[in-house]
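Fold and contact review
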Amino acid sequence: GLLAGELCSWYNGVRCTHEEVNARDWTENQNTITLDADTVIDVPPEFSTTSAYSATLGHKANHATPNNARYDVFDHPRFGLIKAIRAV
């Protein structure tokens, strides 16, 4: 297994505002995550499969109960500020 704090995956996608995300049907928000007070990261439904998008795979994470991972902001060398998933 992974040690606490070790990187599991990254979560990147299209940048949206909270207003954009809140204005659309919830079925379109299955792969959204808040980056900060202004920005939401979204992997649109048409890119949710790994055959359509696999540059980062955080949108495929499935957490256990009790939590086995946490999200952190990460400054990625290619994507800039995104989310990282770390083991707890």
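Residues numbered from 1 in each chain as written. Predicted model: local features only at pLDDT ≥ 70, side-chain atom pairs only at ≥ 80, totals over all residues. Heavy atoms only, no water.

Remarks on the sheet that holds strand β6 (residues 80-87)
Here is the rule we go by: Strand pairing is defined by DSSP finding a minimum of two bridges between the two strands. Only runs of H or I of at least four residues qualify as helices and only runs of E of at least two qualify as strands under DSSP, and these elements are numbered from the N terminus. Each axis is a line fitted through C-alpha atoms, taken for helices only over the stretch in contact, and angles between the N-to-C directions span 0 to 180 degrees.
Overall, antiparallel pairing links the 3 strands, which are arranged β1-β6-β5 in an open sheet. The sheet is open, and its two edges are formed by β1 (7-11) and β5 (69-76), each paired on a single side. Mean inter-strand twist for the sheet, computed between neighbouring axes without regard to direction, equals 35°. Pairing of β5 with β6 involves 8 bridges; the strand directions are antiparallel. In the strand pairing of β6, Ala69 is matched with Ala87.

Some thoughts on the sheet that holds strand β3 (residues 32-34)
Pairing is antiparallel in the open sheet, where 3 strands are placed in the order β2-β4-β3. Edge strands, defined here as strands with exactly one partner in the open sheet, are β2 (14-17) and β3. On average, adjacent strands in this sheet sit at an angle of 35° to one another, irrespective of strand direction. As paired strands, β2 and strand β4 (residues 39-42) are joined by 4 bridges and run antiparallel to one another. Across the sheet, Arg15 pairs through a bridge with Ile41, a residue of β4.

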